[in-house]
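# Chain and residue survey
For reference, the chains in residue letters:
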Amino acid sequence: MQTPAGHELRGGIAYPRDWLTIIFNPSFPYRFAHMLNAAYLTTGFVVLAVGARYLLAGRHIEEARTMLRMAIGLTAVLAPLQLLLGDQHGLNTLQYQPIKVAAMEAHWDGSKPGDFHIFAWPDEEAGVNRFAISIPRGSSLVLTHHMNGLFPGLSSVPASDRPPVKVVFFAFRIMLAIGSFMIAAAMYGAYLWWRGTLFETRWYLRVMAQSWWIGFVAVISGWVVTESGRQPWIVHGILRTADATSPVPGASIAGTLALFVIAYGIVFWFGIYYINRLIAHGPQKVAAETGRFSPSPISAAQDTGREALQR
Amino acid sequence: MEWYLPLIWAAVIGTAVVMYVIMDGFDLGIGILFPTARNESERDQMTRSIAPYWDGNETWLVLGGAGLFVAFPKAYAVIMPALYLPVIVMLIALVFRGVAFEFRHVSYSKTGWNIGFFVSSTVATVAQGVVLGGLIQGISVRDGAFSGGPFDWATPFAFACGLSLVAGYALLGATWLTMKTEGPVAERARGQAKMLLVAVLVFMALVSLWTPLKQPRIAERWFSLPNFYFLWPVPFVTALIAYYAWRWIEAGREVPPFLATIALFLLGFLGLVISNFPYLVPPSLTVWDTAATPASQIFMLLGTLLLLPIVLGYIGFVYWLFRGKVREGESYH
């Protein structure tokens, strides 16, 4: 839907021509690698946070050290790798969805090199940025690998063909900020480990103990960037979102959306509550040590989890 | 090839729907019967009897829905907007139900989740019956798109279908408990099964008579000659199986009542197919009108035919692995 391929249009309807081309479309490898890596990073920082909490509290020391070593070993490799994957993904997007990239960078005038805005308030009416704090030509350097490189600006297409710039711009900034923090945190953790002071550097552990959520926010921000960024298209270049709606009245959609919010609110609230209880109880002895064997890893995990919760 | 591919897909989706209705039917039925349990240990016994299966059972809904989306996109595009509200209510109820089932096991105070499990199971069942009724009574279509209002489905007939399904799933659940549990739970389930069997037969008769009265095309299908010569065995076999189901429950048999209930569901589905074939969106769009291009149908069919035997294989394995009865205070969750 972002970079549709392998289809043919007959009478305004897209028909499949080659299923392998449809699946392995131009942006597939970049999206897949970027998302998979993001999932590992998210989990890595949750493990890091839980391990840091146990160490700070002086509980489950052995397990906590293993958790820190595993999490830092993983994220110190994957966080910098994510920068590389994201860069490649961005170049691919520039090739196939240049206006999305223009919105990510809030780049209006394509005849000039693009600055990288650390902060800006994109004014979509006037087509300019307010209060911009920028690195001159930073975007051009990243996207074209040239100080004076040019890439298309938002003003090159009519306003009706642009995505909501503020949403895309700020979601991208949030993702970048978290990504940079992850790289710094993982590299510094690796440095402390190498120095042999990882388990004693309490300020680092305190920061990490509070960082369990950053991966989730980064993933959602990235998702907002890519999905809002392809607007006004639902299938890029083929079908506009406005033309793809079902004959369902707005009131039905609003009502069911409210139901979903309530349902997920309750479900996730309790989910987080039970997960926290599980973390507070800490790791239990494995089945082999307690003399109780479960037929599968999953049921062993469930048994220990249940034991922990019911204690 | 052009004409039989849609038939194969209709058969795949029909299989998924039947598998879903029977398999998720018995565990939804446990939810419907949940308030009749006397204490927490009985409720544990009931949930344990379905714990290894219930989430697998629900995935048949995914095959049915995704199959409809891929193989019959034009039918999907009409049915989903027409039945939007009951479908969404059903999905949210199923979300709640799964969560209530799992969180009930780990919470200190189970009352809230017990109520949630009962309410969401019942709501999901009613919504499924309403969806079915909404399909049977017909969907207004113009130029291949849904042309009615958001509450077109809300008729007395659709709600009667919803209540029928509650009775039907509860019967599946009660006969499942008779088969899979012991002690007071199994004893009570046997009594419930008798009452529910009567209720199911009343509802089946009601819906079976109401449908042709409401839909002349369905009356024509069943009661015109020579069709009736071929079709009279359907109600006759239904009555015969219902009679034996009653006898088996009375005699305290454990497995046959459950199998007989499945047979009643299969006959009900057969009746539906006879009434509506070849319409996928009664009374206007057939399986051929709404089929995707052969290239899409073949591509998806290859994947389905490859994976379906594997799925059926491990489902069979799971049912075999967890065969036997759940006693009081025993767990294999």
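The shown structure was predicted, so the numbers you read here are calculated from the model rather than taken from an experiment.

### Quick word on the overall build of chain A
Each helix and strand counted, chain A has 11 helices and 6 strands in total. Projecting the C-alpha coordinates of chain A onto the three principal axes gives extents of approximately 65 × 50 × 40 Å. Put simply, chain A has 311 residues, and 26% of those count as buried. Relative to all contacts within chain A whose residues are 6 or more apart in sequence, the contacts with residues 24 or more apart total 64%.

### Describing the overall build of chain B
The number of helices and strands found in chain B is 13 helices and 4 strands. Compactness check: chain B gives a C-alpha radius of gyration of 20 Å against a globular reference of 20 Å for 333 residues, within 12% of the reference. In terms of its C-alpha atoms, chain B occupies a principal-axis envelope of roughly 60 × 40 × 40 Å. Put simply, chain B has 333 residues, and 43% of those count as buried. Contacts spanning at least 24 positions in sequence make up 78% of the contacts within chain B whose residues lie at least 6 apart.

### A short note on helix α3 (residues 54-71) of chain B
All names here are of chain B. Here α3 contains 18 residues, and its C-alpha end-to-end distance of 27 Å stays within 8% of the 26 Å for a straight helix at 1.5 Å per residue. Turning to α3, its buried residues number three or more, namely W54, N57, W60, L63, G64, G67, L68 and A71. Each buried residue of α3 sits inside an arc of 165 degrees when the element is viewed along its axis, so together they form one side. Buried positions along α3 lie against α1 (5-33), α2 (40-50), α4 (73-82), α5 (84-106) and α13 (294-321).

### Some points on the interface of chain A and chain B
Taken together, the contact between chain A and chain B spans 18 residues of the former and 19 residues of the latter. Looking at the side of chain A that touches chain B element by element, the count peaks at 8 residues for helix α9 (residues 250-281) of chain A. By residue class, the composition of the side of chain A that touches chain B is 13 nonpolar, 4 polar and 1 charged.

### Topic: unusual backbone geometry
For the peptide bond that leads from Q231 of chain A to P232 of chain A, omega is 5 degrees, which places it in the cis range. If you trace the backbone, P232 of chain A turns up in the loop between α8 (214-229) and β5 (233-235). A cis amide bond links F277 of chain B to the next residue, P278 of chain B, at an omega of 5 degrees. Mapped onto the secondary structure, P278 of chain B falls in the loop between α12 (256-276) and β3 (279-281). Phi at A106 of chain A takes a positive value of approximately 50 degrees, unusual for a residue other than glycine. Take A106 of chain A: it is sitting in the loop between α4 (98-105) and β3 (116-123). Here A106 of chain A falls in the buried class, since 29 other C-beta atoms lie within 10 Å of it.

### Focus on the environment of A245 of chain B
Residues and elements named next belong to chain B. Within the fold, A245 resides in helix α11 (residues 233-250). Accessibility expressed as a C-beta count within 10 Å gives 26 for A245, which makes it buried. Between the alpha carbons of A245 and A263 there is a distance of 10.0 Å; along the sequence they are 18 residues apart. Contacts of A245, omitting those with residues within four sequence positions, involve L197, P257, A260 and T261.

### So, the packing of helix α6 (residues 165-195) of chain A against α8 of chain A
Residue and element names in this part refer to chain A. Put simply, α6 and α8 touch, their axes get as near as 8 Å, and they point 145 degrees apart. When the axes of α6 and α8 are compared, the crossing they make is left-handed. When α6 is examined against α8, the residues V167, V168, A171, F172, I174, M175, I178, G179, F181 and M182 are found in contact with a partner set consisting of I214, V217, A218, S221, G222, V224, V225, S228 and G229. Within the contact of α6 with α8, the residues separate by chemical class into 14 nonpolar, 5 polar and no charged.

### So, the nonpolar core
All names here are of chain B. Of all hydrophobic cores here, the largest spans 95 residues; its most connected members are F72, A75, I79, A170 and L171. Ranked by residues supplied to this core, first place goes to α1 with 16 residues. With residues near it in sequence (within four places) discarded, I79 still touches L135, I139 and V281.

### A few points about the environment of S49 of chain B
Relative to the helices and strands, S49 of chain B is located in helix α2. Sequence spacing of S49 of chain B and Q128 of chain B is 79 residues, and the spatial spacing of their C-alpha atoms is 23 Å.

### A look at the packing of α9 of chain A against α5 of chain B
When two helices pack together, you describe them by how their axes are tilted relative to each other and by the distance separating the axes. Where α9 of chain A contacts α5 of chain B, the two axes come as close as 11 Å, and the packing angle between them is 10 degrees. Viewed along their axes, α9 of chain A and α5 of chain B adopt a mutual orientation that is roughly parallel. Counted together, S252, T256, L259, F260, A263, V267, F270 and Y274 of chain A of α9 of chain A and Y84, L85, I88, I92, V95, F96, V99, F103 and V106 of chain B of α5 of chain B form the full contact between these two elements. Classifying every residue of the contact of α9 of chain A with α5 of chain B gives 15 nonpolar, 2 polar and no charged.

### Comments concerning the environment of R38 of chain B
Relative to the helices and strands, R38 of chain B resides in the loop between α1 and α2. Placed 107 residues apart in sequence, R38 of chain B and A145 of chain B show a C-alpha to C-alpha distance of 50 Å.

### Concerning the pairing of β3 of chain A
Pairing between β3 of chain A and strand β4 (residues 128-135) of chain A: 6 bridges, direction antiparallel. If you follow F116 of chain A over to β4 of chain A, its bridge partner there is I135 of chain A.

### Description of the confidence of the model for chain B
Of the residues in chain B, 98% have a pLDDT of 70 or more, and the chain-wide mean is 87. Here strand β4 (residues 285-286) of chain B stands out as the least confident element of chain B, with mean pLDDT 82; helix α7 (residues 156-180) of chain B is the most confident, with 92.

### Considerations on the pairing of strand β1 (residues 7-10) of chain A
Residue and element names in this part refer to chain A. Where β1 meets strand β2 (residues 13-16), 4 bridges bridge the pair, whose relative direction is antiparallel. Within β2, the position partnered with L9 by the bridge is A14. In sequence, β1 turns back onto β2 through a hairpin of 2 residues, with G11 there showing a positive phi of about 60 degrees.

### Here we look at α8 of chain A
All names here are of chain A. Its 16 residues give α8 an end-to-end C-alpha distance of 22 Å, which sits within 8% of 22 Å, the value for a rise of 1.5 Å per residue. Those residues of α8 that sit buried are I214, G215, A218, S221, G222, V225, T226 and G229. One side of α8 holds all its buried residues, which, seen down the axis, span an arc of 125 degrees. Next to the buried residues of α8 lie α2 (28-57), α4 and α6.

Here is what the cut-offs are and how they apply
Residues numbered from 1 in each chain as written. Chains lettered and ligands numbered in written order. Predicted model: local features only at pLDDT ≥ 70, side-chain atom pairs only at ≥ 80, totals over all residues. Helix = DSSP H or I, 4+ residues; strand = E, 2+ residues; numbered from the N terminus. Buried ≥ 20, exposed ≤ 12 C-beta atoms within 10 Å, placed from the backbone. Contact = placed C-beta atoms within 7 Å. Rg over C-alpha atoms; globule rule 2.2 N^0.38 Å. Expected span 1.5 Å × (residues − 1). Arc of directions from axis to C-beta. Nonpolar A, V, L, I, M, F, W, Y, C, P; charged D, E, K, R; others polar. Axes fitted to C-alpha atoms, helices over the stretch in contact; angles between N-to-C directions. Left-handed = near helix turned anticlockwise from the far one by under 90°. Core = buried A, V, L, I, M, F, W, Y, C linked by C-beta atoms within 7 Å. Parallel < 35°, antiparallel > 145°, perpendicular 65-115°, else oblique. Pairing = 2+ DSSP bridges. pLDDT = per-residue confidence, 0-100.

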